[in-house]
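Summary of the model geometry
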Amino acid sequence: MKKNLATKYDHSAVEEGRYDKWVKAGYFTAGDKSKDPFTIVIPPPNVTGILHIGHAWDNTLQDIISRYKRMQGFDMLYLPGMDHAGIATQARVDARLKSEGISRYDIGREKFLERAWQWKEEYAATIRKQWAKLGNSLDYTRERFTMDEGFNDAVRHVFVTLYNEGLIYRGWRIINWDPEARTALSNIEVNYQDDPGKMYYMRYRVSETGKEFTVATTRPETMFGDVCVVVNPKDERFKDMIGMHTVNPANGEELPIIGDDYVDIEFGTGAMKCTPAHDPNDFLIAERHGLSKPICMNPDGTMNALAGVFEGMDRYECRDQLIDRIKAEGNLIKIEDITHNVAHSERTNCVVEPYLSQQWFVKMKPLAEDVLAHQKNEEEKIHFYPERFEKVFSQWLENIEDWCISRQLWWGHRIPAWYNKETGETYVSETAPEDPENWVQDEDVLDTWFSSALWPFSTLGWPEETEDYQRYYPTSTMVTGYDIIFFWVARMAFQGRHFTKNRPFRDVLIHGLIRDAKGRKMSKSLGNGIDPMEVIDQYGVDSLRFFLTTNSTPGQDMRYIPEKVEASWNFINKLWNASRFVLMNLPDDMTMKDVDLSVLSSSDAWILSKLNLVLDHVTENMEKYEFALVGNELYSFVWNDFCSWYIELSKASLSDTDPSVVKGAQSTLLVMLNSIVRLLHPFMPFVTEEIYQMMPHEKESICLETWPEKTANLPVTDLEGMDRLISVISKIREVKTANDLKPGTHLDIVIRDLDGNTVQVGATERAMLERLAKVSYCPDLAGELSVHPVTGGSLYIPSGQLMDVEAETLRLNQEKDRLEKELDRSEKILSNKGFLAKAPKEKVDSEKQKQTDYRRQLDAVLARLSELGR
RNA sequence: GGAGGCUUAGCUCAGCUGGGAGAGCGCACCCUUCACAGGGGUGAUGUCGCAGGUUCGAGUCCUGUAGCCUCCACCA
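Conventions and cut-offs
- Residues numbered from 1 in each chain as written.
- Chains lettered and ligands numbered in written order.
- Predicted model: local features only at pLDDT ≥ 70, side-chain atom pairs only at ≥ 80, totals over all residues.
- Heavy atoms only, no water.
- Helix = DSSP H or I, 4+ residues; strand = E, 2+ residues; numbered from the N terminus.
- Buried < 20%, exposed > 50% of the residue type's maximum accessible area, 1.4 Å probe, protein only.
- Contact = heavy atoms within 4.5 Å.
- Areas by Shrake-Rupley, 256 points an atom, 1.4 Å probe, with all protein chains shown as cover.
- Lys, Arg positive; Asp, Glu negative; His and termini not counted.
- Charge placed at Lys NZ, Arg CZ, Asp CG, Glu CD.
- Pairing = 2+ DSSP bridges.
- Phe/Tyr/Trp six-rings, centres within 6.5 Å; stacked < 30°, edge-to-face > 60°.
- Salt bridge = Lys/Arg side-chain N within 4 Å of Asp/Glu carboxyl O.
- Axes fitted to C-alpha atoms, helices over the stretch in contact; angles between N-to-C directions.
- Right-handed = clockwise from strand over helix to strand, strands pointing away.
- Near = heavy atom within 4 Å.
- Polar contact = N/O pair within 3.5 Å; in protein donor to acceptor, adjacent residues only side chain to side chain.
- Nonpolar A, V, L, I, M, F, W, Y, C, P; charged D, E, K, R; others polar.
- Expected span 1.5 Å × (residues − 1).
- Core = buried A, V, L, I, M, F, W, Y, C linked by side-chain atoms within 4.5 Å.
- Parallel < 35°, antiparallel > 145°, perpendicular 65-115°, else oblique.
- Left-handed = near helix turned anticlockwise from the far one by under 90°.

**Here's the deal with the overall build of chain A**
Helix and strand counts for chain A come out as 26 helices and 29 strands. Seen along its three principal axes, the alpha-carbon backbone of chain A occupies a region of about 120 × 65 × 55 Å. Looking at chain A as a whole, 54% of its 870 residues are labelled buried. A sequence separation of at least 24 residues applies to 77% of the contacts in chain A between residues at least 6 apart. Carbon together with sulfur atoms contributes 48% to the accessible area of chain A, which is approximately 38,200 Å² in total. Averaging the coordinates of the 103 positive side-chain charges in chain A and doing the same for the 136 negative ones gives two points 4 Å apart.

**Concerning the sheet that holds strand E6 (residues 183-185)**
Pairing in this open sheet of four strands is antiparallel, and the strands run E6-E5-E14-E16 from one edge to the other. Two strands in the sheet have a free side with no partner beyond their single neighbour: E6 and strand E16 (403-404). Of the pairings in the sheet, the one linking strand E14 (residues 353-362) to E16 comprises two bridges and is antiparallel in character. Note on E16: the bridge partner recorded for Val362 is Trp403.

**Points about the packing of aromatic side chains**
By the definition in use, this model includes 45 aromatic pairs. For the ring pair Phe38 and Phe74, a centre distance of 5.6 Å and an interplane angle of 65° mean the geometry is edge-to-face. Residue Phe38 is found in strand E1 (residues 37-41), and its partner Phe74 is found in the loop between helix H3 (53-71) and strand E2 (75-79); the two are separated by 36 residues along the sequence. Overall, Phe38 belongs to the buried group, its relative accessible area being 4%. The partly exposed category is assigned to Phe74, whose relative accessible area is 23%. Ring centres of Phe112 and Trp410 lie 5.6 Å apart, and the angle between their planes is 70°; on these two criteria the pair is classed as edge-to-face. Here Trp410 lies in the loop between strand E17 (406-407) and strand E18 (417-420) and Phe112 lies in helix H5 (residues 104-134), a separation of 298 residues in the sequence. In terms of burial, Phe112 and Trp410 fall into one category: buried.

**A short note on the pattern of salt bridges**
Following the criterion strictly, the structure yields 59 salt bridges and no others. Of the charged contacts, one joins Lys133 and Asp537 as a salt bridge, the two residues approaching to 2.9 Å between their closest N and O atoms. Note that Lys133 is positioned in helix H5 and Asp537 in helix H15 (residues 532-539), a separation of 404 residues in sequence. A relative accessible area of 34% places Lys133 in the partly exposed class.

**Quick word on the sheet that holds strand E19 (residues 426-428)**
Ordered by their spatial adjacency, three strands build an open sheet running E19-E18-E20, and the pairing between neighbours is antiparallel. The sheet is open, and its two edges are formed by E19 and strand E20 (439-441), each paired on a single side. For this sheet the average axis-to-axis angle between neighbouring strands, irrespective of direction, equals 30°. In terms of strand pairing, E18 meets E19 through three bridges, oriented antiparallel. In the sheet register, Ala417 faces E19, and the bridge partner there is Val428.

**Observations regarding the pairing of strand E26 (residues 747-753)**
The side chains of a regular strand alternate between both faces of the sheet. Two elements, E26 and strand E27 (residues 775-777), share three bridges in a ladder whose sense is parallel. Counted as the bridge partner of Ile749 is Tyr777 from E27. As for the winding sense of the linkage, the β-α-β connection from E26 through helix H23 (residues 763-773) to E27 is right-handed. With four bridges connecting them, E26 and strand E29 (residues 793-798) associate as antiparallel partners. Residue pairing across strands places Arg752 opposite Ser794, the latter belonging to E29.

**Observations concerning the protein's contact with RNA strand B**
Near RNA strand B there are 57 residues, and of these Phe267, Glu822, Lys838, Lys843 and Tyr854 occur at the shortest range. The sugar and phosphate moieties of RNA strand B supply 59% of its atoms located within 4 Å of the protein. In the environment of RNA strand B, a phosphate oxygen lies 2.5 Å from a nitrogen or oxygen atom belonging to the side chain of Trp639. Within the side chain of Tyr854, one N or O atom sits 2.4 Å away from a base oxygen of RNA strand B. Elements represented by at least two residues in the surface near RNA strand B include exactly strand E8 (212-217), helix H10 (388-398), helix H17 (562-584), helix H19 (627-654), helix H22 (719-738), helix H24 (805-830), helix H25 (833-838) and helix H26 (841-867). Looking at the surface near RNA strand B, the element that brings in the most residues is H17, giving 11 residues. Of the residues contributing to the surface near RNA strand B, the split by class is 22 nonpolar, 16 polar and 19 charged.

**Focus: the environment of Asn632**
Assignment of secondary structure puts Asn632 in helix H19. Looking at Asn632, the relative accessible area reads 45%, which means it is partly exposed. For the pair Asn632 and Val618, spaced 14 residues apart in sequence, the C-alpha separation works out to 9.9 Å.

**Focus: H5**
A rise of 1.5 Å per residue sets the reference length of H5, with its 31 residues, at 45 Å; its end C-alpha atoms lie only 36 Å apart and thus fall more than 12% short of the reference. Among the residues of H5, those classed as buried are Arg104, Arg109, Phe112, Ala116, Trp119, Lys120, Tyr123, Ala124, Ile127, Gln130, Trp131 and Leu134. One side-chain oxygen of the residue at the start of H5 lies 3.1 Å from the amide nitrogen of Tyr105, identifying that residue as Ser103. Taken from the residues just after H5, Gly135 is the one with a positive phi, measuring 85°.

**Some points on unusual backbone geometry**
Between Tyr385 and Pro386 the backbone carries a cis peptide bond, its omega angle lying at -5°. Along the chain, Pro386 turns up in the loop between strand E15 (383-385) and H10. Along the chain, Tyr473 connects to Pro474 via a cis peptide bond; the corresponding omega equals -5°. Inspection of the secondary structure assignment puts Pro474 in the loop between helix H13 (467-472) and strand E22 (475-481).

**What to know about the pairing of strand E28 (residues 785-790)**
Among the six residues in E28, six count as buried, and that is most of the element. In terms of strand pairing, E28 meets E29 through six bridges, oriented antiparallel. Within E29, the position partnered with Val787 by the bridge is Tyr796. Count of turn residues in the E28/E29 antiparallel hairpin: two residues, of which Gly792 carries a positive phi of about 70°.

**As for the nonpolar core**
Nonpolar side chains tend toward joint burial in soluble globular proteins. In this structure, Phe642 and Ile749 are the most contacted members of the largest nonpolar core, which totals 145 residues. The element that contributes the greatest number of residues to this core is H19, accounting for 13 residues. Ignoring sequence-local partners within four residues, the contact set of Phe642 consists of Ala578, Val582, Ile607, Phe637, Ile647, Leu669, Met672 and Ile676. Among the nonpolar cores identified, the runner-up in size contains 58 residues, and Trp360, Ala368, Tyr469 and Met478 belong to it.

**Concerning the packing of H24 against H26**
Close contact between H24 and H26 brings their axes to 9 Å; oriented N to C, the two are set at 155°. One way to sum up the angle between H24 and H26 is to call them roughly antiparallel. With respect to the hand of their crossing, H24 and H26 are arranged in left-handed fashion. For the contact of H24 with H26, the per-class residue count stands at 11 nonpolar, five polar and 12 charged.

Structural data, given as structure tokens:
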């Protein structure tokens, strides 16, 4: 079992082969029915590529919760899976084909899908390797894919059900069209950004009167789809024109002039051209007035026959040439440079065209309202951590519009709708029509988020009433970034509510984005992305995990700072060496059964009682997903309390002549290390497993260990005396530094308590003083003694061993000032009647206690000063 | 236009339900066999953005305000 540890933590040696062993042993396979279930489903990564550091962050948070819950005795299911990521993957496969000099249209739908599946398998394998490197405790026996058989069934079932309920419909609407990908997009798949543009002002004439007026547009090419000019009926300038006509400068066609309240009198020229097929507001105007909606563009962004001579020309080229012509005809008044908000496709980044087309939609209002109603009930609501994101979520649902779910792609779930070749009748069903020769299936596929929305329940077997679904649903905690609250969290919420009559998860932990060291978003174009695998190679995955989870507050962005990863490495190295020390000082044959805490030195009891406190805080914060607080507390506890103080103090106990003292220290060291590695295991699974295996232990793996519990019935020892001893050691170090004495300089000391009585110090504690402060304890010390206030008393050192009288007087006067200031503060607070009357009793008592202590310490200082004759 | 976040030590950030300002890195000085020099010890540095208010007491709660950032909506 035990072996010698290297003096330096070597992450590659520690991590080597470990994950495979865990997986093979089945530690991550859920299913122990004797325990309560706890479920996390992984947010399925896209099979478009490899995992970035954001995934590493997201996954580590999930894994920390998973390992913690497993240790707490839950039947933990952490379910893995991947997303087919329709448009994104199709774009990647397209690009690969292009590099081979072919397009998807050359090989056709079927062949293309073969290539896409090939791509999927390739990247799925890479992603699984990356999960392994990250140490994710996933149950691979339950891995799912959004396009596997079960998912296909679930998606069809959902589509057909919603259709039959009237919540899915097909219709002609203005949608966001991506001319590059040649597909419709949903509202949230477009991003608005400020772009430079031009406003073109053109001269129109009223046919009936010849009166001139101005119409402006940013998109002249759409003029081929204009059906009227609109003015506000209340607009004094134009109201007489209503009912008259004008001529479209683009094609010479006569257009009616109509009145509609939509036009803002104050804005622009007050007269607006109306293109129903290429603008959502114009569409509504046309609906109101019963106007036609001619489309003037092709799906690829070129002009169609309506554009006459410009047919086949790119929309921007057409814009320029049309304007040249209008200018030549004398109808261009001016061109103004403007900055305007332009919609871009989230995927291809090309300018999105509002476009009239026939698509499938989900009617959102009833679904959203259902979720919102349940958010009012504590037992049924989804709890957001941090809470503020619930507002973001709710507000979006309150203002939701119908969801365009059809996509003109090949990679995805084909819409289960067929159209009769003869009658045009629509047939929507989970299965194909019985006479397929008479029907043709809808060519389109569903938005990739349509299937992701079913993730928390479909992965568990739904719509079948499987054992897993019944046991693990609703899931416990969802961990994801704020950037996909709308895309994903909200959609899981309403599909979950509608189909399972339940929330898909009880809690959702929202994290931020990871940025580069300068605070910039990581992006391909900037080339500032961090590959988590490279970080792992350099520092080890435990360092990365600890860095990622202890450097931010929930919901807040984080910067990737290499020095902080290094700091994590240093901490692990510290833990490693502390383990080394413990193992070197335990008997070879010691087991956990040999632990005996019945006889303990005050330092043993002191550290164990500190551990008890830490356990309370840590467990409380783990429950609140406050991992940074947990990490910081463990860091400081391990480094300062355990390593800097307890281990150093234990060196004295370990060389004590009394075997029971030695035994107590060894038992304490073992209990401490055992508890520490268990507490840190969720954060750093690899190194804690390595240490666990080398030290006395009870379980086959630390993965099977329980979460530490407080040590009960600690023997009553002098904990205050220990605090005083620690304070004395620090004070001696200070005194030596202040007196320019080498740390090794030997001094004699005596300690007196606050009542002035000499403190009796046992042999073990004397050895500690000797070891940590290089002083001898002399209860009978006599002669000139300089006084130094410490916690719970005063420290005395022969003044001859320190500095001259003048220097000591100076120092004592400084002490006096300090103590008097403290006393001032105490008196100020304690003479405040409001404080005495309203502050909690414990607070008042502790202030009184402090006042007494300061008073006594000051007395000791004053006594010495008068001894020195001031 | 609406919503939210941030502003605390030179840098990056903690600070939970209000009760004497913290961490990591950096900086200064000192210390090497005895777990760790990627270490140990000691120390310096903050009108907690600004202005009001509530309170016995405010970095923490309320109101207003400035700067930076994000999301939502969006008019030719």
